[in-house]
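# Inside the fold
Here are the chains, one letter per residue:
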Amino acid sequence: WLAAGATSSSAALRLPALQGLMNLALSSASLRSVLRLAAVLSRDDTGYGAAAITEGPVAGTLAAASSFLDRMDAQFDDVCSSLAGGGGGGVSGDVNTATFDELIGCSVSADGKELTSNAGAGVGVLSLGFSSGKASWDCKIVTDSRGGECTAFGLCKKPLEFESYDRSPSLWMYRAYNGQLYRRGAAQHTKEKFHPDDVVHFDLDMDKGTVEVSVNGASQGVLWDDLAGHTIYPAIAFYSSGRVSRIDNLKCATAGTKRALAHVKGAKDLPGIRGVGTELGADSKTISIDGEAPSMCLSVLPPPEGEVSAEFDLYADDAEQGKTPPEFDTFDCRVALNDDIGEAKTEGPVTFEILGDGASLWTSPPITGAKDVHTAQVRIAGVKKLTLKVACGGPNANAHAVWVDPAARVAPWVWARRAATVGGKPTSFEGVVYNLLNIARLYSREAMRAMRTTAPVEAGGVALPLEIPFAVQADASTFEATFELLSELVPSVSDERTAHKIVALLQVVKANLRRLAISGLDAAQAGIRFAGDDAASESKGDGGAAERESKEEGDGTLDGLHRLLLSLSGEPGKPVPASVPSEVSQEAAEVLDIGLELFYPTPAARRALLDNLVSTGGVVEVQFHWPATADGADDTRYERATLLLQSHCRKAGWRCDVLAEWGVCLHTVIELPTDAPSTDFLDSGLGAIMARAGFGAWTFPLGCTEPEIKMKIERHATFDRAERLASEPGAGWVRLYPRGVGSVEEVRKGAAAFLAAAAEKIAAEEATAQAKAASDEAAAAAAAAVAVACVWGVVGGGRRVGVGVSTREARRTGCAVPCDATRGARARPLVAGDSVNAASRLLRHHQ
């Protein structure tokens, strides 16, 4: 109604309605309202448009629109922080208020960090989850029988299906009693046992999908490496009543710039600072916190029944050096009393407090002894001066207070916002639209950052909300509004500013499609209607489904958007119109990839897509991380799949090249001839190969889900494979290049160049390591004992590579895998008649 009023022919109605539409968008943070506002202001026929406005009533409305942009932009930091939980992308929850909030058979302490088991089996799951980035925390058994512990520490993915530590498919658990590991209900190998008062430290890296654990500082290595694609929550499980455990020192790392306060110029001379770095500042003692020796600390000694403060101007150094300030977003640290006081207690409790520009941001509980460590992580966006205060509530004997690793950080979205081109203050409504879509793009990009490694919600799970302020509103009305606005802009795509607006809108569409795909909701629940839905809904059983698939396309919610995207990206194998800039066509292609399942919702539609893509042949590139591991051991399924692909191609008479670099990737490049049954191969043939290799079910266009092996329809033969490897989630990819996109030689050349660059990087790293080892006499002696490497042929027309060929020569030939001579007793070339399993075992004999 407001949008209609804002496009009315009556100026008296138009301007108030426009102001109302802007107020609605701000108060609701609705993406749909933002898109409608952009559509209204893009119209030239109602007084808006590109003309500069300097006076009159419309000038006042333009000023209001400019103010609207500032207010929308001002919420960017808060929205991004809520996406990130205050600590960088991919955090679900708040690190300061995280508590055990999902309990089965347990009760929780007042501070929310300590669990007590009340039943035979129980589990507690923390409220803070991670889908990307890094986090760490400590777990400790408070009460349990030593040698007869009934406790396990680990991780959980929600929803928690049931509470059994050894059988739940939702849990990864490390058992105290015998060190046994469990991966989602399956027993693995064992690690060191742990007991009451032992500190079990977790280092979670969701960018790699791994967690490394140590017990009292002794590393147990990476316990699990299959966490990518999930949102992971710390968890504690019990299998007897009366047991107590707690979690402490929870921290999530914030990407971006870090400024350690211990390194701030003049920190040592600040009032109240007693020691900096590792120095306690008394009797030549060094800082030790709970047995550790942190290197970037600030120590203070508060006066009896008094307080001491140190104030830091976060931007003084930048101003002095003429630098642009980095806009710090987060401050984190740990606080404790130094270990040198031993078992002694302070007579007056010590309290730590963090203040920003005079306002209290965080206060610790009273601390009276060593090893009582507390973690703080607070928002400091906009704060200029940070004050660290320590108070003592009585005599100050033993009040050796330490700020451990205090640091101000810049969140990743701060740099993203600074690098973005939003434009200056608009002098026309076209300028308002330009800035408006650019700001919406920034919101959507940060939403995509948080969703990049988030796996789709499994059947029966708790669905994700479809709305993120100013970034996502994944329903039919939003997609229709986006399509209408794109339709208005596309005719002028050759104009640079218009192209920039289109790219911004496409990034908004991409975030919304991704959210809908992972939400766990059926598209119909978001109001999405597919071609033939009405007819299908009137039929029942299989006949209704068949009728739905046979209906004419064109009446679905996303069909118009789909056709427009194809016109911008170019159908695979066909040239992109000359008027479409490359950045627009590439972005449109990415949107098509994200929404593939929604744009082709039925098996019949997907089969028709395959027929169209490979009707004249093409190239398939199967790319795996190599080597792959599972449960801490080598995972041979990927090599088995590669050998099976070679076998299939040999029988079919197809060209098949394998290129590999140990420690990087294993590529199988297959040429699909024009007259080959390529559709069957990509649909059912690959499914059979993946199943024989030991992977989960294969479907086009989704690929495999366990492990995640993505199907990608490539529209360009050349792209940055290193960048893709860093950004694309999954353990592998099946890339389809239709005939017009690239030849087998082009694809092979691209893969070879990527592997060569990776090999060069590995060689440089090896050379650095060897130079370091050469300076160590003992290491040099050990290196001299290494046996000569031998290699054996994998592919290359039956060519054999014999003993004595160097690793470098093996890499140069591109057809051999290096093998350590000490393990090479069974290493030999593959020969006719070898079974796939025998070949797979041979393939493991590499360096």
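Residues numbered from 1 in each chain as written. Predicted model: local features only at pLDDT ≥ 70, side-chain atom pairs only at ≥ 80, totals over all residues. Heavy atoms only, no water.

### Points about the side chain of R721
- As for its position among the elements, R721 is in helix α19 (residues 721-727).
- You can call R721 buried: its relative accessible area is 4%.
- Apart from residues no more than four positions distant in its own chain, R721 is found in contact with E621, H667, Y737, V747, G750, A751 and F754. (Helix = DSSP H or I, 4+ residues; strand = E, 2+ residues; numbered from the N terminus. Buried < 20%, exposed > 50% of the residue type's maximum accessible area, 1.4 Å probe, protein only. Contact = heavy atoms within 4.5 Å.)

### Quick notes on helix α10 (residues 496-518)
- If you check α10, its first and last C-alpha atoms are 33 Å apart, about what 23 residues at 1.5 Å a residue would give, namely 33 Å.
- Most of α10 is tucked away: 19 of the 23 residues are buried.
- The opening residue of α10, the one whose side-chain oxygen lies 3.3 Å from the backbone nitrogen of R497, is D495.
- One or two positions beyond α10, positive phi appears at G520, with a value near 85°. (Expected span 1.5 Å × (residues − 1). Polar contact = N/O pair within 3.5 Å; in protein donor to acceptor, adjacent residues only side chain to side chain.)

### Some points on the pattern of salt bridges
- The tally for this structure, following the rule as stated, stands at 24 salt bridges.
- Here K371 ties to D290 by a salt bridge, and the two come within 3.7 Å at their closest N and O atoms. A residue pair is termed long-range when its members are at least 10 positions apart, and K371 in the loop between β24 (367-369) and β25 (374-379) and D290 in the loop between β18 (275-277) and β19 (297-300) qualify at 81 residues.
- The class for D290 is partly exposed, based on a relative accessible area of 27%. (Salt bridge = Lys/Arg side-chain N within 4 Å of Asp/Glu carboxyl O.)

### Some points on the pairing of β25
- For β25, the buried fraction is high: five of the six residues fall into the buried class.
- Sheet topology places strand β21 (residues 330-337) next to β25; six bridges connect them, and they run antiparallel. The partner of V335 across the bridge, within β25, is H374. (Pairing = 2+ DSSP bridges.)

### Quick notes on the packing of aromatic side chains
- Following the criterion strictly, the structure yields 13 aromatic pairs and no others.
- Ring centres 5.3 Å apart and planes at 10° place the aromatic pair W137 and F202 in the stacked group. Of the two residues, W137 is situated in strand β7 (residues 134-143) and F202 in strand β12 (residues 199-205); the sequence distance between them amounts to 65 residues. Assigned by exposure class, W137 and F202 land together as buried. (Phe/Tyr/Trp six-rings, centres within 6.5 Å; stacked < 30°, edge-to-face > 60°.)

### Some thoughts on the sheet that holds strand β37 (residues 708-713)
- Here seven strands make up an open sheet; going across it, the order is β33-β34-β30-β38-β37-β36-β35 and the pairing mixed. Of all strands in the sheet, those with a lone pairing partner are β33 (656-661) and β35 (698-699), marking the two edges.
- Taken together, the six bridges between β33 and strand β34 (residues 665-672) define a ladder with antiparallel strand orientation. Following the sheet pairing, D657 is matched in β34 by V669.
- The sheet contacts of helix α16 (residues 603-614) involve β34, β37 and β38 (732-738), and relative to β38 the element is tilted by about 60°. (Axes fitted to C-alpha atoms, helices over the stretch in contact; angles between N-to-C directions.)

### A look at unusual backbone geometry
- Even without glycine at this site, D197 takes up a positive phi of about 75°.
- Structurally, D197 is set in the loop between β11 (186-190) and β12.
- Look at D405: it is not a glycine, yet its phi comes out positive at around 50°.
- The class for D405 is partly exposed, based on a relative accessible area of 22%.

### Here we look at the nonpolar core
- Membership of the largest hydrophobic core comes to 115 residues, with the highest contact counts inside it found for M72 and L682.
- Leave out the neighbours within four places in its chain, and M72 touches L26, V34, L436, I439, A440, Y443 and F470.
- With 39 residues, the next largest nonpolar core counts A267, A310, I341 and A408 among its residues. (Core = buried A, V, L, I, M, F, W, Y, C linked by side-chain atoms within 4.5 Å.)

### Describing the packing of α16 against helix α18 (residues 678-693)
- α18 packs onto α16 with a crossing angle of 135° between their chain directions and a minimal axis gap of 8 Å. Comparing their axes, α18 and α16 come out oblique. Crossing hand, α16 versus α18: right-handed. On α18, the residues that touch R607, L610, D611 and V614 of α16 are S678, T679, D680, L682 and D683.
- Across the contact of α16 with α18, the residue classes tally to three nonpolar, two polar and four charged. (Parallel < 35°, antiparallel > 145°, perpendicular 65-115°, else oblique. Left-handed = near helix turned anticlockwise from the far one by under 90°. Nonpolar A, V, L, I, M, F, W, Y, C, P; charged D, E, K, R; others polar.)

### Points about the pairing of strand β9 (residues 171-175)
- Within β9, five of the five residues are buried, which leaves it mostly tucked inside the rest of the structure.
- Side-chain alternation along β9 places L171, M173 and R175 on one buried face and W172 and Y174 on a second face that is also buried.
- The pairing of strand β8 (residues 151-157) with β9 spans five bridges and is antiparallel. Its bridge partner being in β9, A152 is matched across the sheet by R175.
- Pairing between β9 and strand β10 (residues 180-183): three bridges, direction antiparallel. Bridge pairing links M173 to Y182 in β10.
- As consecutive antiparallel partners, β9 and β10 are separated by four residues, and within that stretch G179 has a phi angle of approximately 75°, a positive value.

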